[in-house]
Amino acid sequence: MSDLLERLRGRAWRMTSQRRVVAEVLDGDHTHLTADEVHARAVRLLPEISRATVYNALGELVSLGEVVEITTDGRAKRYDPNAHQPHQHLVCSGCGLIRDVHPRSSPLAGLPDEERFGFTVTGAEVTYRGLCPACAQSAQGGA
């Protein structure tokens, strides 16, 4: 569960009703929604919210470092509210769904010293790819 709303309150981010709705939509189970998906969900909570307002709020959240913008495989940008906890991503090659995962070991542990080429490595981004249950089921049904 994300703590986005609490982080924003702590930063004294001006919480208009539109911004609050965008933050509420993002705050949750880390499914990494696209801007259009955020807008569609926000409209259910606040019917008069515009697409431009959603895009502006997302841009502000990214600029603040409270949301991470993720782009994979040339697909639409997705927004990750889990900006302050180390994690990796699991991406569905079929539909593009992205989920947070928390492997037990550090990705740096698998990088031997001789493969670091003298770099002082400070971090790693790992993306696991596969098919989500729905896409795997569709693939089996079509095979």
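Throughout, residues of each chain are indexed from 1 in the direction in which the sequence is written. Where totals are concerned, whole chains, interfaces and linings use all residues; where local detail is concerned, this predicted model gives features only for residues with pLDDT of at least 70, and gives and counts side-chain atom pairs only at 80 or more. Only hydrogens and water are removed before side-chain values are computed, so all heavy atoms of the structure are retained for them.

Colleague: Give a detailed account of unusual backbone geometry, specifying residues and quantitative values.
Modeller: When glycine is set aside, most residues are seen to have a negative phi, and most peptide bonds are trans. In this structure, Ala 12 takes a positive phi of about 60° despite not being glycine. Each helix is a run of H or I in the DSSP string that is no shorter than four residues. Each strand is a run of E no shorter than two, and both are numbered from the N terminus. Structurally, Ala 12 can be placed in the loop between helix H1 (4–10) and helix H2 (17–26). Think of it in three bands: residues with accessible area under 20% of the maximum for their type are buried, residues over 50% are exposed, and the middle band is partly exposed, with areas taken using a 1.4 Å probe on protein chains only. Relative accessible area serves as the criterion here: at 66%, Ala 12 is assigned to the exposed category. In the Ramachandran plot, Phe 117 falls in the positive-phi region, its phi being about 50° despite a non-glycine side chain. When you line up the elements, Phe 117 lands in the loop between strand E5 (98–101) and strand E6 (127–130). Since its relative accessible area comes to 65%, Phe 117 is described here as exposed.

Colleague: Go over the environment of Leu 90, please, and point to the residues and values.
Modeller: Within the secondary structure layout, Leu 90 lies in strand E4 (residues 88–92). It is 28 Å that separates the C-alpha atoms of Leu 90 and Arg 20, two residues lying 70 residues apart in sequence. Contact criterion: two residues are considered in contact whenever any of their non-hydrogen atoms come within 4.5 Å of each other. Those residues in contact with Leu 90, other than ones at most four positions away along the chain, are Leu 97, Ile 98, Arg 99, Val 101 and Tyr 128.

Colleague: So what's going on with the pattern of salt bridges? Which residues, and what values?
Modeller: Salt bridges are defined as contacts in which a side-chain nitrogen from Lys or Arg sits within 4 Å of a carboxyl oxygen from Asp or Glu. Applying the stated criterion across every chain, the model contains 9 salt bridges. Here Glu 66 makes a salt bridge to Arg 11, at a shortest N to O gap of 2.9 Å. Residue Glu 66 is found in the loop between helix H4 (51–64) and strand E2 (68–70), and its partner Arg 11 is found in the loop between H1 and H2; the two are separated by 55 residues along the sequence. Overall, Glu 66 belongs to the buried group, its relative accessible area being 4%.

Colleague: Which residues make up the side chain of Asn 82, and what are the values?
Modeller: Among the structural elements, Asn 82 can be located in the loop between strand E3 (78–80) and E4. With a relative accessible area of 7%, Asn 82 lands in the buried category. Each polar contact in these results corresponds to two N or O atoms within 3.5 Å; when the atoms are within protein, one needs to be able to donate a hydrogen and the other to accept it, and residues that are neighboring in sequence are counted only if both atoms are side-chain atoms. Here the side chain of Asn 82 touches His 87 through a polar contact of 3.5 Å, side chain to side chain.

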